[in-house]
Amino acid sequence: MVHAPTTRELLSGYIVEHQEDFYRLAYSYVKNRDAALDVVQESIVRALSRADSLRDPDRVKTWFYRILVNESINHFRRSSRLVPLDVLPAETPGEARDDAARLDLYDAIERLNTAEQTIIRLRFFQDMKLEEIAQVTGVNLNTVKSRLYQSLRKLKEMTKEDCNDA
Amino acid sequence: MHESWEQAKARYEEIPIPEELSATVQAALRTGSRQSARRRRWLRGGLAGLAACLCFCVLVNSTPAFAAAVADIPVLGMLARVVSVEQYVVHDAYQYIQVDLPALENTGNTALEQRINTEIRTRIHQVLDEAEARAKETQEAYVATGGSEADFIPVDVTVDYEIKRSDERYLSFLLSVCEVRANAYTQLYAYNIDLTTGRQLSLPDLLGPDYRKTIRDAVLAEIDRRTQSDPDQMYFVGSAAEENDTDWADDPFSADPQFYLNSDGQLVVVYEKYAIAPGYMGQPEFVIPLPEGSDVSDLTP
């Protein structure tokens, strides 16, 4: 048990240092300040109570992001079933394909499915390497690559721009 | 194209960071370390317990000298009182359950042990049955609304306990059931036993008939002290609270909180998450001063 406190200290230090990154990522899923705070809080509690399963301290980043992404998606899914009608965006799906409307890239990302959104955010907003994304999302590197290219194609379609500079 | 990504990233980085983020993170770190400290304790206790159990029953019963000697060693003394009788993990498509079930032993009062142990067991089984039903329901709703079964993150339930005070006279421990779905919620059950009488302690026993007022005064004073010294802390009650904070809720002092006795001989009350403070404050604890002449604060070696 001698090494356990150091793992925990390392984890706590890492969490404190990067708390703003965690919050922004959580917020980008749940789109609500209180919900994002909740997600960050629950992720930290869960991470610390499972700190013993962090075998390799070098992986603290991907290990923690995995918990954070899971919590965010879980929260997002639960709450998205409960969106009050008056909060729903007024637009219809048809408008997305309106050739005249060129979607802003940031808004276009919101239209991707959750797995694609995760890859795009981790790659472009958190500047993660593809191998790191594979560890966070728990899929293999080739799947990450193909999902990334597929997402970029969709984004290109929606924004009418070439997003392909991954 | 670089330009659009730069703009998108700039928008992402413009997501404002709320003031209470750092307080939320600190509170979560405290809660998390408390939970992991409990987990480590049983890992260590598991090994010591195994060795101890092998020779304990025989020795304690056969030689009073050994029993007396053991009671002086704090760790072994505790093991003689509350032990884990069942540890198991259930992991399936919709839940991940980890149980560390405590039971009372070697108190010298068999009737008391049976009563408490049956109560703990019944309570845990009931809680787990309910959690399982909720987990199933959540998973079915998730699949029915188009989620794939493989993507479902199982509901996470942890049953654990923490010994707060254990000596000749008093035994105090908290049984906790923590359920994590999108939110974590921990239900606490406190056991405070006077070993000399075999009775469970109540707040009126400890504080007298006016115990609610005593608790209210002590908690409000402490809340004011905390909110003044640390502006990140926030409560629904106390002089720093907004007037409308408790409009929607019942008076938090009209219900009795859980409590325990700690190893310093103090009485500590614990409020449930959301009862008197926002969720990020966790389960706030307060030391309540005992009346003059109370023998609860006398620590037996």
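Since we're looking at a predicted model, the values are computed, not measured. (Residues numbered from 1 in each chain as written. Chains lettered and ligands numbered in written order. Predicted model: local features only at pLDDT ≥ 70, side-chain atom pairs only at ≥ 80, totals over all residues.)

On to the overall build of chain B. The secondary structure content of chain B amounts to seven helices and nine strands. Expressed as a percentage of the 301 residues in chain B, the buried residues total 27%. Looking at chain B alone, contacts between residues at least 24 apart form 53% of all its contacts between residues at least 6 apart. (Helix = DSSP H or I, 4+ residues; strand = E, 2+ residues; numbered from the N terminus. Buried ≥ 20, exposed ≤ 12 C-beta atoms within 10 Å, placed from the backbone. Contact = placed C-beta atoms within 7 Å.)

Each helix and strand counted, chain A has nine helices and zero strands in total. Walking chain A from its N terminus toward its C terminus, one meets helices and strands in the order α-α-α-α-α-α-α-α-α. Counting all 166 residues of chain A, 37% fall into the buried class. Here the contacts in chain A between residues at least 6 apart in sequence split such that 64% fall between residues at least 24 apart.

Residues and elements named next belong to chain A. Contact pair helix α8 (residues 130-137) / helix α9 (residues 141-159): the axes reach a minimum separation of 9 Å and the direction vectors enclose 105°. When the axes of α8 and α9 are compared, the pair comes out roughly perpendicular. For the pair α8 and α9, the contacting residues are L130, E131, I133, A134 and T137 in the first and L141, V144 and K145 in the second. Classifying every residue of the contact of α8 with α9 by side-chain character gives five nonpolar, one polar and two charged. (Axes fitted to C-alpha atoms, helices over the stretch in contact; angles between N-to-C directions. Parallel < 35°, antiparallel > 145°, perpendicular 65-115°, else oblique. Nonpolar A, V, L, I, M, F, W, Y, C, P; charged D, E, K, R; others polar.)

Quick look at the sheet that holds strand β7 (residues 258-261) of chain B now. Residues and elements named next belong to chain B. Taken together, three strands build an open sheet; the order of strands is β7-β8-β9 and the sheet is antiparallel. Where the open sheet ends on each side, the last strands, each with one partner, are β7 and β9 (285-288). Sheet twist, expressed as the mean angle between neighbouring strand axes with direction ignored, is 30°. In the sheet, strand β8 (residues 267-270) pairs with β9 via four bridges, with the strands oriented antiparallel. Along β9, the bridge assignment pairs V268 with V287. (Pairing = 2+ DSSP bridges.)

This paragraph deals with the confidence of the model for chain A. Residue and element names in this part refer to chain A. Per-residue confidence for chain A averages 80 on the pLDDT scale, and 78% of its residues sit at or above 70. Here helix α5 (residues 93-96) stands out as the element of chain A with the lowest mean pLDDT, 44, in contrast to helix α2 (residues 19-30), whose mean of 94 is the highest. Within the model, the stretch residues 90-100 combines pLDDT values under 50 with three contacts to residues more than four positions away or in other chains. (pLDDT = per-residue confidence, 0-100.)

All names here are of chain A. Even without glycine at this site, K31 takes up a positive phi of about 55°. On the secondary structure map, K31 appears in the loop between α2 and α3 (33-49). A tally of 14 C-beta atoms within 10 Å means that K31 is categorised as partly exposed. Of note, D127 is a non-glycine position whose phi angle comes to about 50°, a positive value. Its location among the elements puts D127 in the loop between α7 (114-125) and α8.

With that settled, the discussion passes to the pairing of β8(B). Residue and element names in this part refer to chain B. The pairing of β7 with β8 spans four bridges and is antiparallel. Following the sheet pairing, Y260 is matched in β8 by V268. Counting the residues between successive antiparallel strands, the hairpin from β7 to β8 contains five residues, one of them, G265, with a positive phi of roughly 80°.

Looking now at the environment of B:L207. As for its position among the elements, B:L207 is in helix α6 (residues 203-207). Residues within four places of B:L207 in sequence aside, it is in contact with B:T214, B:I288 and B:P291.

Turning to the nonpolar core, a few remarks are in order. With 82 residues, the main nonpolar core has A:A26, A:V30, A:A36, A:V40, A:I44 and B:F173 as its most contacted residues. With nine residues, the top contributor of residues to this core is α3(A). Sequence-distant contacts of A:V40, that is, excluding residues within four places in its chain, are made with A:Q19, A:F22, A:Y23, A:A26, B:T24 and B:V25. (Core = buried A, V, L, I, M, F, W, Y, C linked by C-beta atoms within 7 Å.)

Another point: the environment of A:I119. Residue and element names in this part refer to chain A. Its location among the elements puts I119 in helix α7. Sequence separation between I119 and L148 is 29 residues, and the spatial gap between their C-alpha atoms is 6.5 Å. Every residue in contact with I119, bar those within four places of it in the chain, is listed here: I133, V144, R147, L148 and S151.

With that out of the way, let us pick up α9(A). All names here are of chain A. Between the first and last C-alpha of α9 there are 27 Å, a value that for 19 residues agrees with the 27 Å anticipated at 1.5 Å per step. Among the residues of α9, V144, R147, L148, S151, L152, L155, M158 and T159 are the ones counted as buried. Burial along α9 is one-sided: seen end-on, the buried residues are contained in an arc of 140°. Across α9 from its buried face, at more than 90 degrees, point the exposed residues N142, S146, Y149 and R153. (Expected span 1.5 Å × (residues − 1). Arc of directions from axis to C-beta.)

To continue, consider the confidence of the model for chain B. All names here are of chain B. Mean pLDDT over chain B works out to 76, with 78% of the residues at or above the 70 mark. For chain B, helix α4 (residues 74-79) is the element with the lowest average pLDDT, namely 45, and β8 is the one with the highest, namely 93. Low pLDDT, under 50, characterises residues 40-67; the predicted model gives this stretch 19 contacts beyond four residues in sequence or across chains. This stretch, residues 73-80, has a pLDDT under 50; its non-local contacts, to residues over four places away or in other chains, come to 15 contacts. Both confidence scores are given for the complex: pTM 0.49, ipTM 0.80.

All names here are of chain A. α9 packs onto α7 with a crossing angle of 95° between their chain directions and a minimal axis gap of 9 Å. Here α9 runs roughly perpendicular to α7, going by the angle between their axes. Two secondary-structure elements touch here, α7 through A115, E116, I119, I120 and R123 and α9 through V144, R147, L148 and S151. Taken together, the residues of the contact of α7 with α9 sort by class into five nonpolar, one polar and three charged.

We now examine the environment of B:V83. Residue position: B:V83 is located in strand β1 (residues 82-91). A sequence separation of 19 residues divides B:V83 from B:P102, and the C-alpha atoms of the two residues are 5.4 Å apart.

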